[in-house]
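# Structural overview for review
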Amino acid sequence: RVRYVGTSDYSRNLTALPDGTFQEDKNGASDEFNSRIRVKLDGKAAGGAFIKVRMRFDDFTWDGQGWDAHTNTKNVWADYAYIGVPMGPVTFTGGRMPADFSKFFSYDNRPTRVKLDWKADNVRLIGFIDVKDENVNVVDDWNDNDFMAYGLVGSVQVNDDWSVKAYARYDDDQREFDSDTLQPLTGDKSGFLGSIHTQGKAGTVGLEAEIAYKDKDVQGTVDDGWGWYVGASMDMGAF
């Protein structure tokens, strides 16, 4: 997919002032041109092993700062890239991969992950290990103080109309120093988070509900986090 977009008087030109407010430049808004190119590669071996890659090129706003874009190491990079090997009912997958659970709880994320995906009839279980931060610096031990996550996702197709799925993860954050600034980190960020989601239909009405939880240490807040919603939808002809 190739995208080139030109905009006129689109982005406001604002200058930060010492008092924390912003002042609009005399030119008001700017004209911009930006581009992005994506290439997807999907391969499958005779034995069933597969590879999936999506690469991105020239994802820049050409506003006068992009002429040396070819010198940027991020001029070409992978949105995701992973390899999978099926072994009977279990598929072993590793790499940087999409990890969507729901648009409410976790969506459009691409962690570095190793996972085992098991399917049998209407039941599916996924166990995974994420490498959140391989904290390598001169302050910490080089093989310690990392941020890992361990999780399990299960789903059941109850019948033709209804399905239920659940997500549970433990964040094990052992970092003591920031990997970029080398400044000490305060507080324990380890803890649990999870969600339960169901969707289906009753007659012509589509129904959906979800409840999610995040430990206060994971969020960095005083209280634990809770969120939930219910939704209904119905098609009415072309509307």
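A brief structural summary. (Residues numbered from 1 in each chain as written. Predicted model: local features only at pLDDT ≥ 70, side-chain atom pairs only at ≥ 80, totals over all residues. Heavy atoms only, no water.)

What follows concerns the pairing of strand 4 (residues 76-87). In this sheet, strand 4 lies alongside strand 3 (residues 50-61) in antiparallel orientation, the contact comprising 8 bridges. By the bridge assignment for strand 4, Lys 52 is matched with Tyr 82. Where strand 4 and strand 5 (residues 90-96) come together, 7 bridges link them in antiparallel fashion. Across the sheet, residue Val 85 finds its bridge partner in strand 5, namely Phe 92. (Pairing = 2+ DSSP bridges. Helix = DSSP H or I, 4+ residues; strand = E, 2+ residues; numbered from the N terminus.)

Glancing now at the environment of Arg 56. Turning to its location among the elements, Arg 56 is positioned in strand 3. Once the C-alpha coordinates of Arg 56 and Ile 37 are considered, the two residues, 19 residues apart in sequence, prove to be 5.7 Å apart. If sequence neighbours within four positions are ignored, Arg 56 has contacts with Arg 36, Ile 37, Arg 38, Asn 75, Val 76, Trp 77, Asp 79 and Arg 110. A polar side-chain atom of Arg 56 sits 2.7 Å from a polar atom in the side chain of Asp 59. (Contact = heavy atoms within 4.5 Å. Polar contact = N/O pair within 3.5 Å; in protein donor to acceptor, adjacent residues only side chain to side chain.)

Quick look at the pairing of strand 6 (residues 112-120) now. Pairing of strand 5 with strand 6, which is carried by 7 bridges, proceeds in the antiparallel orientation. For Phe 92, the partnering residue across the bridge sits in strand 6 and is Leu 116. Bridge count between strand 6 and strand 7 (residues 123-133): 8 bridges; the pairing is antiparallel. Residue pairing for strand 7: Arg 113 is matched across the bridge by Asp 130. If you look at the hairpin formed by strand 6 and strand 7, you'll find 2 residues sitting between the two strands, and Asp 121 has a positive phi there, around 55°.

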